[in-house]
Amino acid sequence: MRTHNNGELRIQDVGKEVTLVGWAAKRRNLGGIIFIDLRDRYGITQIVCKPDNPMYGVLEEVKNEYVVQVRGRVLERESKNKKLPTGDIEVEAVSVKILNRAENPPMIIADETDALEELRMKYRYLDLRRPVMQKNLIIRHKIAQAVREYLNKHDFIEVETPVFGKSTPEGARDYLVPSRLHPGKFYALAQSPQIYKQLLMIAGIERYYQIVKCFRDEDFRADRQMEFTQIDLEMSFVDEEDIYGLVEGLVQKIMREAKGIEIKLPLPRLSFQEALDRFGTDKPDTRFGMELVDLSELFRDTEFGVFRKVLEAGGVIKGINAKGAAGNYSRREIERLEEEAKKFKVKGLSWLKYENDNFSGSLARFLEGSGAALREKLGIENGDLFLIVADKLKHANLALGHLRNILGRELGLIDNSRFEFLWVKDWPAFEYDEEAGRYDSTHHPFTSLREEDMDLLLSEPEKCHSKSYDLVLNGYELGSGSIRIHDQDLQRKVFAVLGLSEEEVLEKFGFLIEALKYGTPPHGGIALGLDRLAMILCGAQSLRDVIAFPKSASGIDPMSGAPSYPAPEQLRELKLEVKNEES
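Residues numbered from 1 in each chain as written. Predicted model: local features only at pLDDT ≥ 70, side-chain atom pairs only at ≥ 80, totals over all residues. Heavy atoms only, no water.

A. Molecular detail of the packing of helix α4 (residues 131-153) against helix α14 (residues 530-538). At their nearest, the axes of α4 and α14 sit 9 Å apart, and the two run at 125 degrees to each other. Our classification of the angle between α4 and α14 gives oblique. The way α4 lies across α14 gives a crossing that is right-handed. Of α14, the residues touching α4 (which contributes Asn 136, Ile 139, Arg 140 and Ile 143) are Leu 530, Asp 531, Leu 533, Ala 534, Leu 537 and Cys 538. Taken together, the residues that form the contact of α4 with α14 break down as seven nonpolar, one polar and two charged. (Axes fitted to C-alpha atoms, helices over the stretch in contact; angles between N-to-C directions. Helix = DSSP H or I, 4+ residues; strand = E, 2+ residues; numbered from the N terminus. Parallel < 35°, antiparallel > 145°, perpendicular 65-115°, else oblique. Left-handed = near helix turned anticlockwise from the far one by under 90°. Contact = heavy atoms within 4.5 Å. Nonpolar A, V, L, I, M, F, W, Y, C, P; charged D, E, K, R; others polar.)

B. Representation of the packing of aromatic side chains in the model. Counted according to the given criterion, the structure contains 15 aromatic pairs. The interplanar angle of 85 degrees and the centroid separation of 5.4 Å between the aromatic rings of Phe 446 and Phe 509 together place this pair among those described as edge-to-face. Highlighted residues: Phe 446 in the loop between β20 (438-441) and β21 (468-473) and Phe 509 in helix α13 (residues 502-515), separated in sequence by 63 residues. The pair Phe 446 / Phe 509 is uniform in exposure class, with both members buried. Pairwise contacts between aromatic rings join Phe 299, Phe 304, Phe 307 and Phe 366 into one cluster. Between the NZ or CZ atom of Arg 404 and the centre of the ring of Phe 288, over which it lies, the distance is 3.9 Å. (Phe/Tyr/Trp six-rings, centres within 6.5 Å; stacked < 30°, edge-to-face > 60°. Buried < 20%, exposed > 50% of the residue type's maximum accessible area, 1.4 Å probe, protein only. Lys NZ or Arg CZ within 6 Å of the ring centre and 35° of its normal.)

C. Quick look at the pattern of salt bridges. The final tally for this structure, using the stated rule, is 49 salt bridges. Residue Glu 291 pairs with Arg 278 through a salt bridge whose shortest N-O separation is 2.9 Å. Remark: Arg 278 occurs in helix α7 (residues 272-279) and Glu 291 occurs in the loop between α7 and β13 (293-294); sequence separation between them is 13 residues. Assessed through its relative accessible area of 32%, Glu 291 is described here as partly exposed. One salt bridge connects Glu 460 with Lys 463, and the closest N-O pair in it is separated by 2.8 Å. Judged by its relative accessible area of 28%, Glu 460 is partly exposed. Here the salt bridges do not stand alone but share partners, grouping Arg 120, Arg 124, Asp 127, Arg 130 and Asp 545 into one network. (Salt bridge = Lys/Arg side-chain N within 4 Å of Asp/Glu carboxyl O.)

D. Summary view of the sheet that holds strand β22 (residues 476-483). The strand order across the open sheet formed by eight strands is β6-β10-β11-β23-β22-β21-β18-β12, and the pairing between neighbours is mixed. Among the strands making up the open sheet, the edge pair consists of β6 (157-158) and β12 (269-271). Of the pairings in the sheet, the one linking β22 to strand β23 (residues 523-529) comprises five bridges and is antiparallel in character. Among the inter-strand pairings, Ile 483 is bridged to a residue of β23, identified as Gly 524. Most of the contacts of α7 go to β12, to which it runs at about 90 degrees, and overall it touches β12 and β18 (421-425). Sheet strands touched by α14: β10 (207-215), β11 (227-236), β21, β22 and β23. Its angle to β22, the strand with the most contacts, is close to 145 degrees. (Pairing = 2+ DSSP bridges.)

E. Just the domain arrangement of the protein chain, in detail. According to the domain assignment, the protein chain consists of domain 1 (11-100), domain 2 (112-267 + 521-570), domain 3 (288-411) and domain 4 (418-518). Relative placement of domain 1 and domain 3: their C-alpha centres are 61 Å apart. (Domains from an automatic or database assignment.)

F. Molecular detail of the sheet that holds strand β15 (residues 350-355). With respect to topology, five strands assemble into an open sheet ordered β13-β14-β17-β15-β16, the strand pairing being antiparallel. The two strands at the open ends of the sheet, each matched to only one other strand, are β13 and β16 (358-360). Note: strand β14 (residues 316-322) against strand β17 (residues 384-391), seven bridges, orientation antiparallel. If you follow Gly 319 over to β17, its bridge partner there is Ile 388. Contacts from helix α11 (residues 393-410) reach β14 and β17, with the element oriented near 10 degrees to β14.

G. The pairing of β17, seen in detail. The buried fraction of β17 amounts to eight of the eight residues, a majority that puts the element mostly inside the structure. Residues of β17 alternate between two faces, with Asp 384, Phe 386, Ile 388 and Ala 390 on one and Leu 385, Leu 387, Val 389 and Asp 391 on the opposite face, all of them buried. Bridge count between β15 and β17: five bridges; the pairing is antiparallel. Among the inter-strand pairings, Tyr 354 is bridged to a residue of β17, identified as Asp 384.

Shown next as structure tokens:
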């Protein structure tokens, strides 16, 4: 139906007779001459038709989003459009056929649209006609293509694992599916292929991957969906260095193929504690500075009672220096920042401004003779704003890390054209849940421990570190992985630390414990978030902009109406009854 697409004609094609197809993106009538922007997946070509053209009457009928076929001659444009790759030429219509008509669309179909997200979701098939959305899906496709090419080349086997499985605790609620053949029993939609890929290593597959759909019943965020796609892989007979090397080569290929960007290897590595101490988060955005500074020694002899009590209780005093930001933040704005900090259990936020060679702010009168030392340690200059938190180390780090990210965005410190990868390693193996009165795995219960910490497992589990690692990109956790436990005795000890009884272990993980008896090789792997990676590489603000048919922020599909109530006969077949929420 066409000889060329709407993105490929150039000045060297002038004089050619071509046939194009697509949607009428815009129609203009200037001085009696009709101009139509004909759009397809590849771009836009301008169609021109003068009043004496036999096709003039047909093109007068064409409205926005009509599907048309145009045969014509390529001409050099008198008024060139440098914003379009095809902006040097236009096609003079010789023959026009309307392939299909369209109603007036409920939204502007262009990169800049007037539609709110709810309307975009309801008419998603129209939203996906927008060039920016198609570019996002093309980048997503390039990522998936690069993954398969790279892993196939490295002797991996793509294996599908079950979507319907058994409900197991993996940090989020399961989506449950009732079994018609086994009334009262439910399948769980897979949160990850974790156990199955370990079983594949026990089976001797050695190198497995899949690009897999997973499901978690979680509250929605801009970077989270109820169903999401992972780049999942696992290898036998490897250690952490093997994983680092393979994954770094993978992301290097992805960046080259999807964005045309070369990244330098090896990627930087930070320990979990170093990431928290320097950046206040386990997923630091290293595209800008403003690192956290420990001021505990500087304020060791302070007369400020709040600081003195915190230090006596074993806490810390830490701060960040927002260079040149003193004039950007009024007292009211700083109070807003204090409320943000309090979300992380700190009791307050102290601050200093340095202007005209003088300190002002809530701490100024307590500086005494330490002002010069403070300026030297922090590199404070005129116009700087310094924010200080005094609290437990964990709370101080997290609060300042949150403020650092806010200031980075608000002060325009982040270069969105940069892509900064890094590893965060040496994670604590366990974290204590004070409300539940028990330990939880920081990653998951199948993560192996560092050899030097094995003796502490049953006596001081909070001091154990795991062989786990996260891949971070621009402040987002892009992927998480670990070397797995391959020894059944160690696995049982870890379950014991987590407070699982022998009965619970057998009920939830009996088939894995059984499999570990039959010669399990050392193995490890990682899962990378394909949706999140695509979102970052596309510069999108939400996962919904890189998924063809996502759910809304409340888990609804406005287009199809999902979720919906089942028919009564469906409930009868499943032997289920839906109770009114009020009852």
